[in-house]
Amino acid sequence: MSVFVLRRLVTLLATLVGASLIIFLVLDALPGNAAQMLMGADASPDAVRALTVKLGLDQPLAVRYLQWIKGLLIGDLGNSYVYGTPVAGLIAERLALTVPLAIMAMTVTVTLALSAGIYTAANHNRLGDVGVMSLTQVGIALPNFWFAILLVLLFAVRLQWLSAGGFAGWEDGVWLGVRSLLLPAISLAVVQAAILARVTRSAVLEVLREDFVRTARAKGLGKREVLWSHVLRNAMIPVMTVMGLQFANLLAGTIVIENVFYLPGLGRLIFQSIANRDLIVVRNCVMLLATMVVIVNFVVDVLYAFIDPRIKVHDL
Amino acid sequence: MTSPATAPLIEVANLGVRLNTSRGPAQAVRGVSFALKRGETLGLVGESGCGKSVTAMSLMGLLPDSAVVTGSIKLDGGELAGLPDADYCRLRGNRISMIFQEPMTALNPMHTIGHQVAEPLRRHRKHSAAQARKEAIALLDRVGLPDPARRVDAYPHQFSGGQRQRITIAMALACEPDLLIADEPTTALDVTIQGQILDLIADLVEERGMSMILISHDLGVIAENVQRMMVMYGGTVVESGPTDEVFRRMGHPYTQGLFRARPKLGARKGTRLKTIAGTVPELADLPSGCTFSERCPLAIDACRAALPPMVDVGPGHFVRCIRTDVSMAANVGALSA
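A quick note: this is a predicted structure, and the numbers were derived from the prediction, not measured.

**Structural notes on the interface of chain B and chain A**
On the side of chain A, 17 residues touch chain B, which itself brings 26 residues to the contact. Those elements giving two or more residues to the side of chain B that touches chain A turn out to be helix 2 (85–91), strand 6 (96–99), helix 3 (103–106) and helix 4 (113–124) of chain B. Here the side of chain B that touches chain A is composed, by residue class, of 13 nonpolar, seven polar and six charged.

The following block contains the structure:
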């Protein structure tokens, strides 16, 4: 493994440690005692104190932090205050919805954005460019939950092609599951695709001005061939950077979108756990989201080196 | 009918190029005419913005889409002006090739040099990948790149500027073009490398019987490398002729100014470089009449009235000036010094 990847791995670990500290401290500083919440406002102080001890909430901060980290490392995330079942199980169940949703949303984002970005750059300042770019302007301005409701009105209420919400699960076939995630994925993707399309367009336009594009034309390549064989790979670096950042936005978006569509995913679990002061679930879910974002950006960094030969050489 | 041996390879007649610049439409080139036989070499000299690169790019058919080209460009009698891009693509890199000024940016950083040199062969000659690679190694060897068989899979950033220019030359020569256009091929290189690259180009031109158009702002480079030369100013040709003839007796006040302005070895320390007073006119608002009249020490009212005609001042030697009687009396030129 090259030095490049190792160095990125060290950064990744440091970021995760920092994230865990922030998550732990912020949630600890929140007002509201979990034990009090669970037992209701009129529980006796003795009973509340007993539960506090039982949940381990009376221990010093550092001890609780280290216990949590130890649990993370061995895969024991503790039990939910509200459900009483292991947090790991709760999360795993919800990931079966949220991970496919995120992947579908990202696929839609990338497909829409790359085609729109490349098309508009190739037709710079022509009617198609202006038209598609105006659309992306609208796309950026749309709040995704509002757009989600419009989609429901059209496809679920009027056309009745898809259901307005809920999740069919994977047991009755993959297609049913995918079908129930289609509208949520599109709602999540539209804003991201609009942003990424604009980034792609400007990245491609910038590369089109490079000298080597003229060289390739001077060799007898047509405009289209130059675009595919010389321009795109050079334009991918900024596009991928933004893609990595967008993945974080997309995960945050699932919290809203899963609520709009009544999807029992990770986002909805976080939302409900916050309302219930089930902080042990919140803490572990947020840590998981942070880990996913950091890993995706690590993958993006490593992909740079595969795309751009100039990055590899420093580190061999 | 002219016989193929004497028929011009490339014939440019009354070429005009109108560009859209940020300052409005500009006539970047006007009334440029020349013919070049197979194996002949022609130099284009002038300051930046004089239209020499635009002339070259119009031969390549690579002007921006908004450019308006008038006049005629013929390759072996076939008209190139207005040729559809798909047809032009069959000529570029095949019958007409170009070497650019900036070797550091002229190569794609993401592709191996072998791939880039092989590209015209795969495209125009339909070589297989293996065949094109073998040919690319041979070409890289010919242009003097050390250890080409091993370095063919290296990327541009692993080479120096001079080596990269050798690579672009290999690329331009891959399909043995009839015409090579070299646009300031050594301007971006170290002085020590410049001579080597020019010698390489000269050797290759002779070896393959190509015609060449060499563009430079450096009179020294022109004097040593081409048979004929054209001096351009403000989009027009102000002087043209056999290189020896022009250098023996420079006719146009602008050519003379360029010649006087070059730095000289052995000049006394502290001697100031001679300059041409004024600045190059904006192409968007060229003066009527002689484009050089605003900076010319000999200009009279008649110069500003109309663009002067080309005046025949010697064997094949033409000057666009109505005051050659005065300018040429000064006897400016290398052989007169």
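We are not done yet, so read on.
**Focus: the UniProt feature "domain: ABC transporter" (unreviewed entry) in chain B**
Cross-referencing UniProt, the feature "domain: ABC transporter" (unreviewed entry) maps to residues 10–259 of chain B in the present numbering. With 40% helix and 27% strand, residues 10–259 of chain B has its two end C-alpha atoms placed 29 Å apart.

**Quick look at the UniProt feature "domain: ABC transmembrane type-1" (unreviewed entry) in chain A**
Summarizing the sequence annotation, UniProt attributes the feature "domain: ABC transmembrane type-1" (unreviewed entry) to residues 95–304 of chain A in the numbering used throughout. From the first C-alpha to the last, residues 95–304 of chain A spans 28 Å; its make-up is 83% helix and 0% strand.

**Focus: the confidence of the model for chain A**
Taken as a whole, chain A shows an average pLDDT of 88; of its residues, 98% reach a score of 70 or greater. Highest mean pLDDT in chain A belongs to helix 9 (residues 211–218) of chain A (94); lowest belongs to helix 13 (residues 309–313) of chain A (72).

**Digging into the UniProt feature "transmembrane region" (unreviewed entry) in chain A**
UniProt tags residues 95–119, 140–161, 181–199 and 281–307 of chain A as "transmembrane region" (unreviewed entry). Annotation note: span residues 140–161 of chain A, helix share 77%, strand share 0%, distance between end C-alpha atoms 26 Å.

**Notes on the confidence of the model for chain B**
For chain B, per-residue confidence averages 89 on the pLDDT scale, and residues scoring 70 or more make up 96% of the total. Two numbers describe this predicted complex: its pTM, 0.83, and its ipTM, 0.87.

Rules behind the numbers
Residues numbered from 1 in each chain as written. Chains lettered and ligands numbered in written order. Predicted model: local features only at pLDDT ≥ 70, side-chain atom pairs only at ≥ 80, totals over all residues. Contact = placed C-beta atoms within 7 Å. Helix = DSSP H or I, 4+ residues; strand = E, 2+ residues; numbered from the N terminus. Nonpolar A, V, L, I, M, F, W, Y, C, P; charged D, E, K, R; others polar. UniProt positions renumbered as here; feature names shortened; annotations may be inferred. pLDDT = per-residue confidence, 0-100.

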